[in-house]
Amino acid sequence: MTADRRFADMLHHRAERLGRGDPVAPPLISATTFHLPGLENAAYKYGRMAMPTWEEVEEQLAILEGATVVGFPSGMAAIAAALMCTLSAGQTVILPADGYYTTRLLADRFLAPLGVKIRLIDTKDVDSADFTGASVVFLETPSNPGLDCCDISLAARKAHAAGARLIVDNTTMTALLQRPLDLGADLVVAADTKAPAGHSDVLYGHVSGRDAALMARIAEWRKLSGAVPGAFEAWLLHRGLETLEVRLARMCASAGILAERLSSHPRIKALRYPGLPSDPAHAIARRQMQGFGFLMSFELESEEKAEEFLTRSAYVTQTTSFGGTHSAGERRARWGDAVAPGFIRFSVGVEPVEPLWDAIEQALKPHAKG
Ligand SMILES: *Cc1c(COP(=O)(O)O)cnc(C)c1O
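As the structure is a prediction and not an experimental result, all values here were calculated from the model. (Residues numbered from 1 in each chain as written. Predicted model: local features only at pLDDT ≥ 70, side-chain atom pairs only at ≥ 80, totals over all residues. Heavy atoms only, no water.)

Engineer: What is the right way to look at the domain arrangement of the chain in this model?
Structural biologist: Put simply, an interface is often sized by how much accessible area is lost when its parts join up. The domain boundaries assigned to the chain delineate domain 1 (3-241) and domain 2 (244-364). Inter-centroid distance (C-alpha atoms) of domain 1 to domain 2 is 26 Å. Where domain 1 abuts domain 2, roughly 2600 Å² becomes buried across the two surfaces, and 61% of that area is made up of carbon and sulfur atoms. Of all residues in domain 1, Pro145, Leu147 and Leu177 bury the most surface against domain 2, accounting for 24% of the area lost on that side. On inspection of domain 1 and its partner domain 2, the count reaches 2 salt bridges. Here Asp148 makes a salt bridge to Arg272, at a shortest N to O gap of 2.9 Å. For the pair domain 1 and domain 2, the number of links is 13 residue pairs in polar contact (both at pLDDT 80 or more). Elements that contribute at least two residues to the side of domain 1 that touches domain 2 include exactly helix H1 (3-11) and helix H7 (231-241). (Domains from an automatic or database assignment. Buried area = accessible area lost by both parts, 1.4 Å probe. Salt bridge = Lys/Arg side-chain N within 4 Å of Asp/Glu carboxyl O. Polar contact = N/O pair within 3.5 Å; in protein donor to acceptor, adjacent residues only side chain to side chain. Helix = DSSP H or I, 4+ residues; strand = E, 2+ residues; numbered from the N terminus.)

Engineer: Mind showing me how you'd approach the site of the ligand here?
Structural biologist: Around the ligand, 15 residues are found, and the nearest of them are Gly75, Met76, Asp169, Thr193 and Lys194. Measuring from an oxygen atom of the ligand, one finds a backbone N or O atom of Gly75 at 2.8 Å. Within the side chain of Asp169, a nitrogen or oxygen atom sits 2.7 Å from a nitrogen atom of the ligand. In isolation the ligand has 380 Å² of accessible area, and contact with the protein removes 93% of it. At 3 residues, helix H3 (residues 75-86) tops the list of elements feeding residues into the shell around the ligand. Among the residues forming the shell around the ligand, the class breakdown is 7 nonpolar, 5 polar and 3 charged. (Near = heavy atom within 4 Å. Areas by Shrake-Rupley, 256 points an atom, 1.4 Å probe, with all protein chains shown as cover. Nonpolar A, V, L, I, M, F, W, Y, C, P; charged D, E, K, R; others polar.)

Written as structure tokens, this is what we have:
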């Protein structure tokens, strides 16, 4: 099924259930308790077990993922669930050395003390890595913030041959631009906080997978740990998902244009965007992604010049997240990422591309001191 068809199905996911006079948009139901005279056939009992408004979102995401989906209150809650449900004492997890920093911290601070062994591999070395001895291989491709890519199908074959499960953090791509489950991954985790919610005002995450027993365990983890999404956040994410495809189309098209212009700008060094034919990740990105995304990274000559560029860019907000409607940039070294001081991760928003380019070009111009 093409992405376009999935998206049309997602928009109309409530149609079959609608009766005359029903609201077309899902109602926001924040009830924690439900009328329960006898337990038989009660769809809802208590809010920690299931809530109607999460289920609306899970239905949308299930159509996009082609899989069972369990929602969580943040991307990290989804990642924690996936790792807790697949690892036990004495086992080894392989994590990306250059991926989302908090995933490594979670493993260091909470999984290692429970007896889980941690191996770190750079994303660019995953294709040639040996997974022997691992129980879980966790990937992020393109990785955040370096934007290296690895081959998901190859990793799935190697992981399965080693008796390991493959988990892919698909946050930077979303289910519309990359389909790790189709490529053999056992679980996908994602922060819907980013492009899916898309307006920089919701924290949300999900786990998706096609192994019914494993997904039941993920759902049980949510119920027992209490890491449940809020109804209001679910309602906002439902609304955000309705425009995900049109936002992504604009963001990815603009990113392609900006990456090409920036890559030949004399002040920009080491630009990474998987869509550029010269990028080291381009070949694998073309094979396994349905678009090249809205994230790029580049370096300016120093910390000072990078900060100056960000301050002077009229349409670039300085925030620590990505995937929102506003273009956003930040110097990742300030969070301790292993990158150069002038390294900027740049998330392209939905601004029309020419005014955005004008603002960027203006901010890169040498200007008189004082
Ligand atoms: C943001 C992000 C997360 C965590 O998401 P939260 O909703 O902030 O918990 C996980 N992985 C990646 C790649 C991210 O960018």
